[in-house]
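Descriptive analysis of the structure
So the chains spell out like this:
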Amino acid sequence: MGRKPTGRPTSFDIAYAAGVSQPTVSRALRGDRSVSAQTRERIKQIARDLNYTVDKNASSLRSQRSNTIALLFFEDPTPDESMINPFFLAMLGSITRACADRGLDLLISFQRMEDDWHVQYQDSHRADGLILLGYGDYTVYRKRLDQLEQQGTHFARWGSVSSDSSGVTVGTDNYAAGVLAGRHLAESGRRAVAFIGHADEHYPEFAGRYAGLCEALREAGIEPDHKLQYDAITTEEAGHCAAQALIASGRQFDAIFAASDLIAIGAMRALVETGRSVPRDVAVVGFDDIPAASLTTPPLTTIMQDIGGAGQALVETLIAQIEDRDLPPRKLPGKLVIRGSSAVG
């Protein structure tokens, strides 16, 4: 489970101690027979040990449905003034359709990470729950997620599906997708594969993609060169700068796997500027399959994320939270789309 008990006991503290989800705790404390008698008794005993009491006022407020979901976009650096990652803009349509199919209104808001977005909707009861898209540095974002959990806000987010996601995360299986990209490059005869994108706990989705790449290379008998990993956030400029640094290092490489399409597009520009041909000298693979990926020269090979499935899964996950039903974290498969930037021959 993801959070240790602190301060005034909550149902999430009981869930942590019992090794179950928070919705299971809610059902057990109501005496719901969908939870086994043994588990109900264990949860009730933990609640007694923690001196936990149900907040009747909060429970009453949560039962008053507005039939509205709030979609919160978070600020991302972009070349234009939108400050919204184009991948998330593409996801908006599927989320809107999923809400319409269920008779739900969708309230869309743009947020900065430093704003008090984590309390605004809980206090005003303008929405039954939140869908969160984008986050930047995950270590900062995680603190806000903890606050949402502590105040009992229903939310679902797009991101890295991991052990600390509290059952509210939907995301691509980044590790498996990284394996797909790595196998493709290895099978294409590439032996020195660079990775452009952060690969640590601050950007867990990128880290998963890099780990998958490394696994695929090892499968092919190629030991990954970690000195070919260069940090970059999801912008063309960051990809361009990182690729320039990679080229200036003098280290030999014949492929780049970029953590996003925007990074890949910037990297391709740096390669062309230094006289390297894509894909003859360097193959390039991106991630996301944003609309611009098919319009580059050459068109960009990339990992397509399931945008339609993502919108449906986010709305379904949030509704399950609101209706107090269990739904495990959702991993969606990525699909390799081969185009000219990694063509063989």
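Not measured: the values here are computed from a predicted model. (Residues numbered from 1 in each chain as written. Predicted model: local features only at pLDDT ≥ 70, side-chain atom pairs only at ≥ 80, totals over all residues. Heavy atoms only, no water.)

Here the focus is the sheet that holds strand β9 (residues 283-288). On the basis of which strands lie adjacent, the open sheet formed by six strands has the order β7-β6-β8-β9-β10-β12 and mixed pairing. Each end of this open sheet is capped by a strand with a single partner; those strands are β7 (229-230) and β12 (335-337). Here strand β8 (residues 255-258) pairs with β9 via three bridges, running parallel. When the bridges of β9 are listed, A255 appears paired with A283. (Pairing = 2+ DSSP bridges. Helix = DSSP H or I, 4+ residues; strand = E, 2+ residues; numbered from the N terminus.)

Inspection of every chain in the model, using the stated rule, returns 11 salt bridges. A salt bridge links E219 to R183; the nearest nitrogen and oxygen atoms lie 2.9 Å apart. In this pair, E219 is assigned in helix α9 (residues 204-219) and R183 in helix α8 (residues 174-187), connecting sequence segments 36 residues apart. Exposure remark for E219: the relative accessible area of 44% places this residue in the partly exposed category. (Salt bridge = Lys/Arg side-chain N within 4 Å of Asp/Glu carboxyl O. Buried < 20%, exposed > 50% of the residue type's maximum accessible area, 1.4 Å probe, protein only.)

Before going further, it helps to examine the packing of aromatic side chains. Between two aromatic rings, the relevant description is the distance of the centres plus the angle of the planes. A full pass over the atoms with the stated rule returns four aromatic pairs. With centroids separated by 5.9 Å and ring planes inclined at 20 degrees, the aromatic side chains of Y203 and F206 adopt a geometry described as stacked. A residue is classified by how much of its surface remains accessible, and F206, at 7% relative accessible area, is buried. Here F257 and F287 contribute two aromatic rings whose centre-to-centre distance is 6.5 Å and whose plane-to-plane angle is 40 degrees, an arrangement assigned as tilted. Residue F257 is found in strand β8, and its partner F287 is found in strand β9; the two are separated by 30 residues along the sequence. By the burial criterion, F257 is buried, and F287 matches it. Aromatic ring contacts, followed pair by pair, group F195, Y210, F257 and F287 into a single cluster. Taking the ring centre of F287 as reference, the NZ or CZ of R209 above it sits at 3.6 Å. (Phe/Tyr/Trp six-rings, centres within 6.5 Å; stacked < 30°, edge-to-face > 60°. Lys NZ or Arg CZ within 6 Å of the ring centre and 35° of its normal.)

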